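Architecture and fold: a report
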Amino acid sequence: MMVVKVGGAEGNDIDNVLIDLAPRRDYVLVHGGSNEVDRLAEALGRPTRYITSPSGVVSRYTDKETMEVFTMALAGKMNTAIVARLQSLGAPAIGLSGVDGGLIRGHRKEAVRCVDNGRVLLVKDDHSGTVDEVNAGLVQLLFDAGYVPVICPPGVTPRGELINTDADRVAALVAAGLKAETLVLFTNVPGLLREPSDPSTLIPEVPRERLSYFMNFAYGRMKKKLIAAQEALDGGVKRVVIASSQPADPVERALEGMGTVIA
Ligand code: ADP
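Residues numbered from 1 in each chain as written. Predicted model: local features only at pLDDT ≥ 70, side-chain atom pairs only at ≥ 80, totals over all residues. Heavy atoms only, no water.

Quick look at the sheet that holds strand S15 (residues 239–244)
- Overall, mixed pairing links the 8 strands, which are arranged S5-S10-S2-S1-S13-S15-S16-S14 in an open sheet. Only two strands of the sheet have a single neighbouring strand rather than two, namely strand S5 (93–97) and strand S14 (205–206).
- Pairing of strand S1 (residues 2–6) with strand S13 (residues 182–187), which is carried by 5 bridges, proceeds in the parallel orientation. Along S13, the bridge assignment pairs Val-6 with Phe-186.
- Each of strand S2 (27–31), S5 and strand S10 (148–152) touches helix H4 (residues 136–144); the most contacted strand, S10, lies at about 150 degrees to it.
- Helix H7 (residues 220–234) rests against S1, S13, S15 and strand S16 (260–262) of the sheet, and its axis sits at about 155 degrees to S15. (Pairing = 2+ DSSP bridges. Helix = DSSP H or I, 4+ residues; strand = E, 2+ residues; numbered from the N terminus. Contact = heavy atoms within 4.5 Å. Axes fitted to C-alpha atoms, helices over the stretch in contact; angles between N-to-C directions.)

Pasting the structure below:
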């Protein structure tokens, strides 16, 4: 079994991945939706702000209103659309946000440290959260009954607060919880690049013991994918492939190792 995560940033071809996945029954799908959140936020007059942690990881600043937009865009719009599309392609898809069945349980970060003009600030009203537990049993139950689970953030706290959790890391924890063989992270670039703006500088293989060295090549959100890869491997997943969602047969290509293979 594998867990496939499709990105939601500009330049991702989600439909291309869905068409390739549709005939298969060996996967669980996780998706993000950053572009859709930005679009909806803009339309509602609440444009997105990003914050950068002292270690250089970029996250969406998620105040209470942004959390609502995040939920509308991911669970409301994208998840429903992906499930409908998979069904039209013959796949028995079922949509689950991290709230359904307590699928993604976590806690809110009390304060988030961010860097602004060289100064470190504490942001206290952020609804970003850390995942503590994934209800893999529920996903397994649906999978064993022949359904194709389609999972997205938000997650939920024991007090019922919704939390913005990173979809790459959710995918990693789901993959670990399901003891999946492979985690495929589809994105808008061919994989981890030595030079992020140059697609010809693909790093084809990263031995897992050298992941922290290769972390130096990743900026912004690619860093989160490598952290997710580490979490998946630590959780028993055999290999992680970061691959482009754009070429024809993206799933087949990724499984053949076209992209960055971390194992
Ligand atoms: P998605 O929504 O597809 O998950 P993200 O925007 O979260 O995509 O992450 C992919 C982005 O990471 C790329 O578009 C690129 O701008 C950025 N990035 C930073 N460093 C690298 C790198 N070394 N190699 C490839 N991409 C990188």
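Moving on from the model shown.
Things to note about the side chain of Arg-60
- For Arg-60, the position within the fold is in strand S4 (residues 58–60).
- Within polar-contact distance, the side chain of Arg-60 engages the side chain of Asp-38 at 2.8 Å.
- Here the side chain of Arg-60 touches Thr-48 through a polar contact of 3.3 Å, side chain to side chain.
- Excluding its chain neighbours within four sequence positions, the residues that come into contact with Arg-60 are Ser-34, Val-37, Asp-38, Thr-48, Arg-49, Tyr-50, Thr-66, Phe-70, Asp-126, Ser-128 and Asn-164. (Polar contact = N/O pair within 3.5 Å; in protein donor to acceptor, adjacent residues only side chain to side chain.)

Observations concerning the packing of helix H5 (residues 167–177) against H7
- Contact pair H5 / H7: the axes reach a minimum separation of 8 Å and the direction vectors enclose 10 degrees. In this view, H5 runs roughly parallel relative to H7, as classed from their interaxial angle. Facing Asp-168, Arg-169 and Ala-172 of H5, the residues of H7 in contact are Lys-224, Lys-225, Ile-227, Ala-228, Glu-231 and Ala-232.
- Partitioned by chemical class, the residues of the contact of H5 with H7 number 4 nonpolar, no polar and 5 charged. (Parallel < 35°, antiparallel > 145°, perpendicular 65-115°, else oblique. Nonpolar A, V, L, I, M, F, W, Y, C, P; charged D, E, K, R; others polar.)

What about the packing of helix H1 (residues 14–21) against helix H3 (residues 64–88)?
- Put simply, H1 and H3 touch, their axes get as near as 10 Å, and they point 40 degrees apart. Classified by the angle their axes make, H1 and H3 are oblique. In the crossing of H1 with H3, the sense of the turn from one axis to the other is right-handed. Touching Ile-14, Asp-15, Leu-18 and Ile-19 of H1 are Met-78, Ile-82, Arg-85 and Leu-86, all from H3.
- Grouping the constituent residues of the contact of H1 with H3 by class yields 6 nonpolar, no polar and 2 charged. (Left-handed = near helix turned anticlockwise from the far one by under 90°.)

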